[in-house]
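Residue strings, one per chain:
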Amino acid sequence: MQLLPLAPGRLLQGSPRHLPSCSPALLLLVLGGCVGVFGVAAGTRRPNVVLLLTDDQDEVLGGMYVPSALCCPSRASILTGKYPHNHHVVNNTLEGNCSSKSWQKIQEPNTFPAILRSMCGYQTFFAGKYLNEYGAPDAGGLEHVPLGWSYWYALEKNSKYYNYTLSINGKARKHGENYSVDYLTDVLANVSLDFLDYKSNFEPFFMMIATPAPHSPWTAAPQYQKAFQNVFAPRNKNFNIHGTNKHWLIRQAKTPMTNSSIQFLDNAFRKRWQTLLSVDDLVEKLVKRLEFTGELNNTYIFYTSDNGYHTGQFSLPIDKRQLYEFDIKVPLLVRGPGIKPNQTSKMLVANIDLGPTILDIAGYDLNKTQMDGMSFLPILRGASNLTWRSDVLVEYQGEGRNVTDPTCPSLSPGVSQCFPDCVCEDAYNNTYACVRTMSALWNLQYCEFDDQEVFVEVYNLTADPDQITNIAKSIDPELLGKMNYRLMMLQSCSGPTCRTPGVFDPRYRFDPRLMFSNHGSVRTRRFSKHLL
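Thresholds, definitions, all that
- Residues numbered from 1 in each chain as written.
- Predicted model: local features only at pLDDT ≥ 70, side-chain atom pairs only at ≥ 80, totals over all residues.
- Heavy atoms only, no water.
- Buried < 20%, exposed > 50% of the residue type's maximum accessible area, 1.4 Å probe, protein only.
- Helix = DSSP H or I, 4+ residues; strand = E, 2+ residues; numbered from the N terminus.
- Pairing = 2+ DSSP bridges.
- Axes fitted to C-alpha atoms, helices over the stretch in contact; angles between N-to-C directions.
- Contact = heavy atoms within 4.5 Å.
- UniProt positions renumbered as here; feature names shortened; annotations may be inferred.
- Disulfide = S-S within 2.5 Å.

> For the pairing of strand β4 (residues 151–155), give the residues involved together with the corresponding values.
In terms of burial, β4 is largely enclosed, as four of its five residues are buried. Relative to β4, strand β3 (residues 123–129) runs parallel, the two sharing five bridges. Considered in β4, the bridge of lysine 129 is made with leucine 155. Here three bridges tie β4 to strand β5 (residues 165–168), and the two strands are oriented antiparallel to one another. Each bridged residue has a counterpart across the sheet, and for tyrosine 153 the counterpart in β5 is isoleucine 168.

Right under this line is the structure:
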């Protein structure tokens, strides 16, 4: 986790260049249900918070983990502070609870922005992509404005750069393809600046700005379409190699990739970087406006993404959805009051922690929430001797139907997200759950698939950071059993039980009797097929 940003300079993937350092004192006021956690000073206002969320941006600098490597489940985790098995958003469809009526009724009233607005008196502003099915006629259309938002500028459905429709506080506004007035990243920048100009000066504010970049179709602004001509997708050790001893979906990829596939993914990689240059401009304008209005020193800025992305790893051309670091790890950069310059923390942080952290900044009692995550505000403020987690849960439910694709008859049933050469990025039984563990001595990932093989993948990322060698059959069986048990516990956790000590925590106690139910049968993995 990068706690303070890069100095101004050339954009690096995962690195907005315009987040200046600053460490003023943190002062909080009592308001509504929120109490200052670091003291109250007369005449001061609780900190403002800005959350910048990109779409499909993989991690390069060092970042945090997402509980699901797909847009809608991950965004739902950010908003609720919950793992997918608790907010029940499993994919990008209405049937998968993405912006469904059930989501709106059960989860939206308890998101952290709703709490900020109702309990803490914050002005709340949203601009950009919300959830992939937002605006669907079967779920209220664009008239639906989620509870808790004072200002609402939300994109209909998935990321676009031109020819899209926004919900402006519940009223539809269509945009065309004129760069000067329609390019979405710039539109989001402009409405954000307008909010800062016209908001109330008597209430703190929270802003969530969710850009389309660097999601496909990777349409860069005209002035950036020739940038990065000599940039190529990273040729790391797992690039364009066969995924030996991995799940069948990875093994089906064709190795080596064709020259046309490599040219395609290199071009996609380059275009993704080009789209991020407009995000850079947005960040610069936002920071300068905060500085001009005198708000910067009292504002936390978080920069992150919803999930990672791969470009050629294990011969998978481009997508997300997989259990590996390139898909589940995203950038996290933070600046704000009390944060010292140039810090990097190695603490294990997940996006379910963003909501609790922002509520903690507002002074809200986290014991009143049902969130699975933890506040990492003490980490940001440099707390010593902090007791922290040693593992997080990652879970994903594959998309696809249990039928054979007529265009790829040689492949197993249920594949989806297939390329013309029948390399597929997903399948209905690409359903897995993982424990990602980090401690002073161990850096492991343990994963189980819900398929006929009951396939297991285990990686020692200290020795094998590119996750090439699956050590499931060579690791100590006792350790394997503990990881299996820990995974089952996390898959059924809720709230405080999601924060219990992990296998490598000194406080951990393994009781083999808990591997069995009250009737003496072995516990089974908890994979939800239909969660609505």
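> Describe the sheet that holds strand β2 (residues 63–65), and please don't skip the residues or the numbers.
Taken in spatial order, the nine strands make up an open sheet running β2-β11-β8-β1-β7-β3-β4-β5-β6, and their pairing is mixed. Either end of the sheet is taken by a strand with one partner, and the two such strands are β2 and β6 (171–174). Between one strand and the next, the sheet's axes are offset by a mean angle of 20 degrees, whatever the strand orientation. Pairing of strand β1 (residues 48–54) with strand β8 (residues 299–305), which is carried by seven bridges, proceeds in the parallel orientation. For leucine 53, the partnering residue across the bridge sits in β8 and is threonine 304. Sheet strands touched by helix α4 (residues 112–120): β1, β3 and β7 (205–210). Its angle to β3, the strand with the most contacts, is close to 155 degrees. Contacting β1, β2, β7, β8 and β11 (329–335), helix α10 (residues 354–362) crosses the sheet at an angle of about 175 degrees to β8.

> For unusual backbone geometry, give the residues involved together with the corresponding values.
Along the chain, alanine 213 connects to proline 214 via a cis peptide bond; the corresponding omega equals -5 degrees. Counting through the fold element by element, proline 214 comes out in the loop between β7 and α7 (248–251). Cis geometry marks the peptide bond from threonine 255 to proline 256; its omega dihedral reads -5 degrees. Secondary-structure assignment places proline 256 in the loop between α7 and α8 (259–292). Positive phi values are uncommon outside glycine, yet arginine 321 reaches one of about 80 degrees. Of note, the phi angle at asparagine 385 is positive, near 55 degrees, even though the residue is not glycine. Here asparagine 385 lies in the loop between α11 (377–380) and β12 (391–396).

> Tell me what's going on with the UniProt feature "modified residue: 3-oxoalanine (Cys)" (unreviewed entry) in the protein, and back it up with residues and numbers.
In the numbering used here, UniProt assigns the "modified residue: 3-oxoalanine (Cys)" (unreviewed entry) feature to Cys71. Structurally, cysteine 71 can be placed in helix α1 (residues 71–80). A residue is classified by how much of its surface remains accessible, and cysteine 71, at 0% relative accessible area, is buried.

> So what's going on with the state of the cysteines? Residues and values would help.
A complete count under the given rule lists five disulfides for this structure. Sulfur-sulfur distance for the disulfide between cysteine 408 and cysteine 422 comes to 2.1 Å. An S-S torsion of about -90 degrees defines the bridge between cysteine 408 and cysteine 422 as left-handed. A residue pair is termed long-range when its members are at least 10 positions apart, and cysteine 408 in the loop between β12 and β13 (415–418) and cysteine 422 in the loop between β13 and β14 (424–427) qualify at 14 residues. In this model, cysteine 493 is linked to cysteine 498 through a disulfide, with the two sulfur atoms separated by 2.0 Å. Across the disulfide from cysteine 493 to cysteine 498, rotation about the S-S bond amounts to roughly 90 degrees, and the bridge is consequently right-handed. Residue cysteine 493 is classed as buried on the basis of its relative accessible area, which comes to 2%. The class for cysteine 498 is buried, based on a relative accessible area of 4%.

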